[in-house]
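Commentary on secondary and tertiary structure
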Amino acid sequence: MPHDHSDHPHALLPPDPALRVKALETILTRKGLIDPATLDEIIDIYQNKIGPQNGARVVAKAWSDPAFKARLLADATAVVADLGYFGRQGEHMVVVENTPEQHNMVVCTLCSCYPWPLLGIPPGWYKSDAYRARAVREPRKVLADFGVTLSDESSVRVWDSTAEVRYLILPMRPAGTEGLSEEELAELVTRDSMIGTGLPKVPS
Amino acid sequence: MSTCVTASAPEPVFSEPWHAQVFALTVHLNEAGRFAWPDWAARFSATLKRHGLEKELDGGEDYFQAWLETLETYLVEEGSVLPDEVGPVKQAWEEAYLTTPHGEPVVLR
């Protein structure tokens, strides 16, 4: 029975898995294998500091600076590290470019590998069995579910992430954005457009 | 989930506090050198695959259930945690919650 009434005499008992996590934390802290302050720091980073705004900044810079874009497509790991975005798990980052001829999208059929430093924690649907299975089998239908319709000339390529290699999509720069600053361009770059399940916003 | 995804506020990064805790614990242990990330990913994907045979996983609560199960098993196998160590500590936390007056911080005694 959930007991969430405020007059309850004792603290609200967390769900079973939460208690199991607390038990692991206690055991590992007592053995000196972890530092609780580091746990708080990691949560803060992923909750508040890392997110799609990082990837959007990279995309906007690539749209604005052809030399940066060339370097990014050649060796994304080094280029984004220069901007302060490190793969904490030692993974390589690869940026693939959408063109009028080829649309790209990212999945992790294995589990949920994702370019954390650039996009943060993946959304629930990215981790679902439905997306992980269907993205490879019927990418055009999945794109249609996300409201993305491609022209008949455009092929779709699906990139399967691994623990070692994480992909970020460089979407096509929307028409009518000449003269926009990098900051204004970054506002148009959505999380889904960097996974390939969406397109950038069009300036209003 | 809302049908009006694009217009709503950003989704929370972690929907439950313990999702964040188990995530951070795993990242911390990896960064402290307890295990390599590819080894973690291989084990985690095996758990997801096994769970996915019974029902279609939605990537939410069931995803972190699989994550926790993988971590518990891994820590016992690599020796950081003894097999019978978790039960009593979990029990102690449960008692702490049930005996701490509402509104006061819960600590292990």
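Residues numbered from 1 in each chain as written. Chains lettered and ligands numbered in written order. Predicted model: local features only at pLDDT ≥ 70, side-chain atom pairs only at ≥ 80, totals over all residues. Heavy atoms only, no water.

Some words on the nonpolar core
- One finds Tyr46, Leu72 and Tyr131 of chain A together with Phe23, Leu25, Trp67 and Leu71 of chain B to be the most contacted residues of the largest nonpolar core, which totals 92 residues.
- Among the domains, domain 1 (16-47) and domain 2 (51-195) of chain A are the pair contributing at least three residues each to this core.
- When neighbours within four sequence positions are excluded, Trp67 of chain B is seen to be in contact with Val22, Phe23, Thr26, Trp37, Trp40 and Phe44 of chain B. (Core = buried A, V, L, I, M, F, W, Y, C linked by side-chain atoms within 4.5 Å. Buried < 20%, exposed > 50% of the residue type's maximum accessible area, 1.4 Å probe, protein only. Domains from an automatic or database assignment. Contact = heavy atoms within 4.5 Å.)

Considerations on the pairing of strand S4 (residues 165-170) of chain A
Residues and elements named next belong to chain A.
- Counting buried positions along S4 gives 5 out of 6 residues, so the element sits mostly inside the fold.
- As paired strands, strand S1 (residues 92-97) and S4 are joined by 6 bridges and run parallel to one another. When the sheet's bridge partners are listed, Val94 is paired in S4 with Tyr167. (Helix = DSSP H or I, 4+ residues; strand = E, 2+ residues; numbered from the N terminus. Pairing = 2+ DSSP bridges.)

What to know about the packing of helix H1 (residues 16-30) of chain A against helix H4 (residues 86-99) of chain B
- Where H1 of chain A meets H4 of chain B, the closest approach of the two axes is 8 Å, and the angle between their N-to-C directions is 115 degrees. Here H4 of chain B runs roughly perpendicular to H1 of chain A, going by the angle between their axes. In this structure, H1 of chain A meets H4 of chain B at a crossing whose hand is right-handed. Mapping the contact onto sequence places Asp16, Leu19, Arg20, Lys22, Ala23, Leu24, Thr26, Ile27 and Arg30 of chain A in H1 of chain A and Val86, Val89, Lys90, Trp93, Glu94 and Tyr97 of chain B in H4 of chain B.
- A class-by-class count of the residues in the contact of H1 of chain A with H4 of chain B yields 8 nonpolar, 1 polar and 6 charged. (Axes fitted to C-alpha atoms, helices over the stretch in contact; angles between N-to-C directions. Parallel < 35°, antiparallel > 145°, perpendicular 65-115°, else oblique. Left-handed = near helix turned anticlockwise from the far one by under 90°. Nonpolar A, V, L, I, M, F, W, Y, C, P; charged D, E, K, R; others polar.)

Let's talk about the pattern of salt bridges
- Within the structure shown, the criterion is met by 16 salt bridges over all chains.
- Glu138 of chain A is paired through a salt bridge with Arg134 of chain A; the nearest N and O atoms lie 2.5 Å apart.
- The class for Arg134 of chain A is partly exposed, based on a relative accessible area of 23%.
- For Arg134 of chain A, the salt bridge identified is with Asp145 of chain A, shortest N-O distance 3.1 Å. Of the two residues, Arg134 of chain A is situated in helix H8 (residues 129-137) and Asp145 of chain A in helix H9 (residues 139-145); the sequence distance between them amounts to 11 residues.
- Overall, the relative accessible area of 57% leaves Asp145 of chain A in the exposed class.
- Ionic contacts of the salt-bridge type, sharing partners, join the residues Asp16 and Arg20 of chain A together with Glu72 and Lys90 of chain B into one network. (Salt bridge = Lys/Arg side-chain N within 4 Å of Asp/Glu carboxyl O.)

Structural notes on a negative patch on the surface
Residues and elements named next belong to chain B.
- A grouping of Glu16, Glu56, Asp58 and Glu61 is seen on the molecular surface, where their side chains present a negatively charged patch.
- With respect to the helices and strands, the residue Glu16 is situated in the segment before helix H1 (17-31).
- On the accessibility criterion, Glu16 (34% relative accessible area) is partly exposed. (Patch = residues over 30% accessible without salt bridge, like charges linked within 9 Å, V, L, I, M, F, W, Y side chains within 5 Å. Areas by Shrake-Rupley, 256 points an atom, 1.4 Å probe, with all protein chains shown as cover. Lys, Arg positive; Asp, Glu negative; His and termini not counted. Charge placed at Lys NZ, Arg CZ, Asp CG, Glu CD.)

Describing the interface of chain A and chain B
- At the interface, 51 residues of chain A touch 53 residues of chain B.
- Overall, the association of chain A and chain B removes approximately 4,800 Å² of surface from exposure, summing both partners, and the carbon and sulfur fraction of that is 68%.
- For chain A, the biggest contributors to the area lost against chain B are Arg20, Leu24 and Gln89 of chain A; these three give 12% of the whole.
- At the boundary of chain A and chain B, one finds 3 salt bridges.
- The shortest N-O distance in the salt bridge between Lys31 of chain A and Glu85 of chain B comes to 3.0 Å.
- Summed over the shared surface of chain A and chain B, the result is 12 residue pairs in polar contact (both at pLDDT 80 or more).
- Elements represented by at least two residues in the side of chain A that touches chain B include exactly H1, helix H2 (36-49), helix H7 (124-127) and H8 of chain A.
- The greatest single-element share of the side of chain A that touches chain B, amounting to 14 residues, is contributed by H1 of chain A.
- Among the residues making up the side of chain A that touches chain B, the classes are represented as 27 nonpolar, 10 polar and 14 charged. (Buried area = accessible area lost by both parts, 1.4 Å probe. Polar contact = N/O pair within 3.5 Å; in protein donor to acceptor, adjacent residues only side chain to side chain.)

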